[in-house]
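A look at the structure
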Amino acid sequence: MAYTTSRRLNFGDCDPSGIAYFPSYLNVLVGVYEEFFRAIGFAWPEMINERKVGLPTVTLDLTFKSPGFHGDMMNFTVRVVRIGNSSVDLEHEVKAGDRLLWTAKQRLVATSLETHKACHWPDDMRAALTQHLEKKDAHDSAA
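Let me sum up the structure you'll find in this document. Remember, it's a predicted structure, so these values are computed and weren't measured experimentally.

1. Regarding the environment of Arg-51
- Following the sequence through the fold, Arg-51 ends up in helix 2 (residues 44–51).
- Along the backbone, Arg-51 and Arg-7 are 44 residues apart, and their C-alpha atoms lie at a distance of 29 Å.
- Beyond its immediate sequence surroundings of up to four residues, Arg-51 is in contact with Phe-42, Glu-46, Pro-122, Asp-124 and Met-125.

2. Describing the pattern of salt bridges
- Enumeration over the complete set of coordinates arrives at five salt bridges.
- The salt bridge partner of Asp-89 is Arg-82, with a shortest N-O separation of 3.4 Å. For the residue pair Asp-89 and Arg-82, the accessibility class agrees, reading buried in each case.
- Taking the shortest distance from any N to any O, the salt bridge between Arg-107 and Asp-89 comes out at 2.6 Å. With a gap of 18 residues between them, Arg-107 in strand 6 (residues 99–109) and Asp-89 in strand 5 (residues 87–96) connect regions that are remote in the sequence.

3. Some points on the side chain of Ser-112
- Topologically, Ser-112 is positioned in strand 7 (residues 111–112).
- Ser-112 sits in the buried class, given a relative accessible area of 13%.
- A polar contact of 3.1 Å, which involves the side chain of Ser-112, links it to the backbone nitrogen of Glu-114.
- If sequence neighbours within four positions are ignored, Ser-112 has contacts with Lys-52, Lys-117 and Cys-119.

4. Considerations on helix 1 (residues 22–39)
- Spanning 18 residues, helix 1 covers 26 Å between terminal C-alpha atoms, matching the ideal 26 Å at 1.5 Å per step.
- Ser-24, Tyr-25, Val-28, Leu-29, Val-32, Tyr-33, Glu-35, Phe-36 and Phe-37 are the residues of helix 1 that are buried.
- Trailing helix 1 by a residue or two, Gly-41 shows a phi angle of about 105°, which is positive.

5. Focus: the pairing of strand 5
- When you tally the buried positions in strand 5, you get seven out of 10 residues, the bulk of the element.
- For strand 4 (residues 73–84) and strand 5, the ladder comprises nine bridges, and the chain directions are antiparallel. Bridge pairing in strand 5 places Ile-83 opposite Val-88.
- Connecting strand 4 to the antiparallel partner strand 5 that follows it, the hairpin turn spans two residues.
- Relative to strand 6, strand 5 is paired through 10 bridges, and the arrangement is antiparallel. Note that in strand 6 the partner of Val-94 across the bridge is Trp-102.

6. Focus: the nonpolar core
- Of all hydrophobic cores here, the largest spans 36 residues; its most connected members are Phe-37, Met-74, Val-80, Val-88, Trp-102, Trp-121 and Leu-129.
- Secondary-structure elements contributing two or more residues to this core are helix 1, helix 2, strand 4, strand 5, strand 6 and helix 3 (123–131).
- Among the elements that make up this core, the one with the highest residue count is helix 1 (seven residues).
- Leave out the neighbours within four places in its chain, and Trp-121 touches Leu-55, Ile-83, Gly-84, Asn-85, Ser-86, Ser-87, Val-88, Ala-110, Arg-126 and Leu-129.

Quick notes on the rules
- Residues numbered from 1 in each chain as written.
- Predicted model: local features only at pLDDT ≥ 70, side-chain atom pairs only at ≥ 80, totals over all residues.
- Heavy atoms only, no water.
- Helix = DSSP H or I, 4+ residues; strand = E, 2+ residues; numbered from the N terminus.
- Contact = heavy atoms within 4.5 Å.
- Salt bridge = Lys/Arg side-chain N within 4 Å of Asp/Glu carboxyl O.
- Buried < 20%, exposed > 50% of the residue type's maximum accessible area, 1.4 Å probe, protein only.
- Polar contact = N/O pair within 3.5 Å; in protein donor to acceptor, adjacent residues only side chain to side chain.
- Expected span 1.5 Å × (residues − 1).
- Pairing = 2+ DSSP bridges.
- Core = buried A, V, L, I, M, F, W, Y, C linked by side-chain atoms within 4.5 Å.

Rendered as structure tokens:
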């Protein structure tokens, strides 16, 4: 089941011509998937400070389709497409109205903030991610 949310493209996210400055998209994207994890029951302050679990991005592939402009309301769709032993693959689609702005494929890895190494998903986190998995056969124990 996809997760959706919206963000406005603000003045500070744009270059002087009013077109989105692409590094700003990455900052917005982090906020979106932080919100996704909060929505499935895992707010980052508790994950980081209490559970000592981090979620660094290990791969990120963005494809820009159309420019975003100051004032655009960006609609994000986040899909969980694969869950590994310690990783999760997300696909992002970002639109302004009917206009596709960009897409992204991203792999996050659960890591111990004590050892700074990959760790298996805690059972409750895996269960929550599985509830949002697009295909139920997308578990992959190799990653």
